[in-house]
Amino acid sequence: MKIAWWQLDMRVPATAAAAIEAQLLDAGAEAVTFLEGDDSEAVFDEGLIWQNSQCQALFPADDHNEAIL
């Protein structure tokens, strides 16, 4: 079976999230998602994320390889 996507997972602090998202998109990520990374208080305001978030980025496998990521 051929791999269609590489998923890169990392934890990021809220203060670095915007910069990391921009770098991932510049590197060719098709999608960047921030998920709750710990037991931090829930955030419901647009544009805000958890203090410690789990960041997931999807890269097309045809254009990226595991070693580069």
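Scroll up a little and you will see the structure.
Only a predicted model underlies this, so the values are computations on that prediction, with no experimental measurement involved.

A. Representation of the nonpolar core. Grouped together as the largest cluster of nonpolar side chains are twelve residues: Trp6, Val12, Ala17, Ile20, Leu24, Ala29, Val32, Phe34, Cys55, Ala57, Phe59 and Ala61. Discounting chain neighbours no more than four positions away, the residues touching Val12 are Ile20, Phe34, Gln51, Asn52, Ser53 and Cys55.

B. Geometry of helix H1 (residues 17–26). Listed in full, the buried residues belonging to H1 are Ala17, Ile20 and Leu24. Viewed end-on, H1 has its buried residues packed into an arc of 65 degrees, placing them on one side of the element. In H1, the exposed positions angled more than 90 degrees off the buried face are occupied by Ala18, Gln23 and Asp26. Residues of H1 that are buried make contact with strand S1 (5–13), strand S2 (31–36) and strand S3 (52–60). Just downstream of H1, Gly28 is the residue with a positive phi angle, here 110 degrees.

C. The arrangement of the pairing of S3 in detail. Bridging between S1 and S3 involves nine bridges; their strand directions are antiparallel. Bridge pairing in S3 places Trp6 opposite Phe59.

D. Inspection of the sheet that holds S3 at higher detail. Ordered in space as S1-S3-S2, the three strands form an open sheet in which the pairing is antiparallel. Of all the strands in the sheet, just S1 and S2 have a single pairing partner and so form its edges. When the angles between neighbouring strand axes are averaged without regard to direction, this sheet yields 25 degrees.

E. Up close: the side chain of Ser53. Within the secondary structure, Ser53 is located in strand S3. Leaving out residues up to four positions away in the same chain, Ser53 has contacts with Met10, Arg11, Val12, Phe34, Leu35 and Gly37.

F. Quick peek at the environment of Leu25. Relative to the elements of secondary structure, Leu25 occurs in helix H1. C-alpha of Leu25 to C-alpha of Leu58: the two residues are 33 residues apart in sequence and 9.6 Å apart in space.

Definitions and cut-offs
Residues numbered from 1 in each chain as written. Predicted model: local features only at pLDDT ≥ 70, side-chain atom pairs only at ≥ 80, totals over all residues. Heavy atoms only, no water. Core = buried A, V, L, I, M, F, W, Y, C linked by side-chain atoms within 4.5 Å. Buried < 20%, exposed > 50% of the residue type's maximum accessible area, 1.4 Å probe, protein only. Contact = heavy atoms within 4.5 Å. Helix = DSSP H or I, 4+ residues; strand = E, 2+ residues; numbered from the N terminus. Arc of directions from axis to C-beta. Pairing = 2+ DSSP bridges. Axes fitted to C-alpha atoms, helices over the stretch in contact; angles between N-to-C directions.

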